[in-house]
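What follows is the residue order along each chain.
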Amino acid sequence: MRVPATSRATRWGLAAVLCAGLFAVLTVLVAARHGSPYAVDEGVHHWSVRHRPAVAVALARGVTATGTGPFPYLCAVTAGLVAGWGRGARGRLLTAAGALGFLVLAQGVRYAVLNGVARPRPPVAEWETHASGFSFPSGHTATSALVAGLLAWAVWRAASPAAARLWWALFACWAVAVGLTRVYLGVHWPTDVLGGWLYALTWLAGAMAVVVGIEPRPEATSGR
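A. Layout of the overall build of the protein. Secondary structure assignment for the protein yields nine helices and zero strands. When the helices and strands of the protein are listed from N to C terminus, the series reads α-α-α-α-α-α-α-α-α. Whereas a compact globule of 224 residues would reach a radius of gyration of roughly 17 Å, the protein reaches 18 Å, a difference of no more than 12%. Here the protein holds 224 residues, and the buried ones make up 43% of them.

Dropping the structure here:
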């Protein structure tokens, strides 16, 4: 039996509230220590520093590079174009603009949180890649998770359920991998990455609550 759109929208809304609450708690915990790392932060960081063969570092640098620069924004536009398939040229452009605008807005708010918390990064001497700015929440982590969510939304709109589930798994693995490389390369504490994931999930769940409530997935697509 198909779940009513209003019920699914409510579930997404509750998920957004839960993620936002967890992110708020984590932000308070980080700010309460003035950015000082917790024991779990230091433990994982020190393990990463001690386990960095050259091949693993090179691979991590390649993965982490996909979480910044023009690539995520190109992916957001692509997601919008795919999600807008069948709506005509104007409709597809509007959907692409909406996806890009969503990412830009989320990034803008993230920068406000980043500078408000002003958490220092791990020691520079232990970095294995370039980084700048404050540490919490992780920008690469949040950006890749937001883009993975946009791409998942696109295939939800355009692909069959079986194909969509496969793509969702791939997008999720990519976003998780980017977040983990930030810790492995020494430029973020683990709680920065956790904060990035919670931040992105808050925005994605909230957006899905709106999308599902306003425009449910077309029957023709979901029945493939």
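Here the narrative resumes, following the displayed structure.
B. How the structure looks around unusual backbone geometry. The peptide bond linking F136 to P137 adopts the cis configuration, its omega dihedral lying at -10°. As for its placement among the helices and strands, P137 is situated in the loop between helix 5 (88–117) and helix 6 (139–158). Of note in this structure, H34 is not a glycine but carries a positive phi near 55°. Locating H34 in the fold gives a position in the loop between helix 1 (5–32) and helix 2 (39–50). Relative accessible area serves as the criterion here: at 69%, H34 is assigned to the exposed category. The backbone of A118 sits at a positive phi, close to 55°, despite the residue not being glycine. By the element assignment, A118 lies in the loop between helix 5 and helix 6.

C. A look at the nonpolar core. By size, the foremost hydrophobic cluster in this structure holds 38 residues, and its most contacted members are L146, L150 and W153. A per-element tally of this core places helix 6 first, with 12 residues.

D. Fine view of the packing of aromatic side chains. In total, this model carries six aromatic pairs according to the counting rule given. For the pair F23 and F136, a centre-to-centre distance of 5.8 Å together with 5° between the ring planes defines the contact as stacked. On the criterion of sequence distance, the pair formed by F23 in helix 1 and F136 in the loop between helix 5 and helix 6 is long-range, its members being 113 residues apart. An identical accessibility class is assigned to F23 and F136; each is buried. Centre to centre, the rings of F71 and W174 are 6.2 Å apart; their planes meet at 85°, and the pair counts as edge-to-face. Placement of the pair is F71 in helix 4 (residues 70–83) and W174 in helix 7 (residues 161–184), with a sequence separation of 103 residues. On the basis of relative accessible area, F71 is assigned to the partly exposed category, the value being 37%. An aromatic cluster of at least three residues, connected via ring pairs, comprises F23, F102, F136, Y199 and W203. Its end group placed over the ring of Y38, R33 keeps NZ or CZ at 4.4 Å from the ring centre. Residue placement shows R110 over the ring face of Y111; its charged tip is 4.5 Å from the ring centre.

Rules used throughout
- Residues numbered from 1 in each chain as written.
- Predicted model: local features only at pLDDT ≥ 70, side-chain atom pairs only at ≥ 80, totals over all residues.
- Heavy atoms only, no water.
- Helix = DSSP H or I, 4+ residues; strand = E, 2+ residues; numbered from the N terminus.
- Rg over C-alpha atoms; globule rule 2.2 N^0.38 Å.
- Buried < 20%, exposed > 50% of the residue type's maximum accessible area, 1.4 Å probe, protein only.
- Core = buried A, V, L, I, M, F, W, Y, C linked by side-chain atoms within 4.5 Å.
- Phe/Tyr/Trp six-rings, centres within 6.5 Å; stacked < 30°, edge-to-face > 60°.
- Lys NZ or Arg CZ within 6 Å of the ring centre and 35° of its normal.

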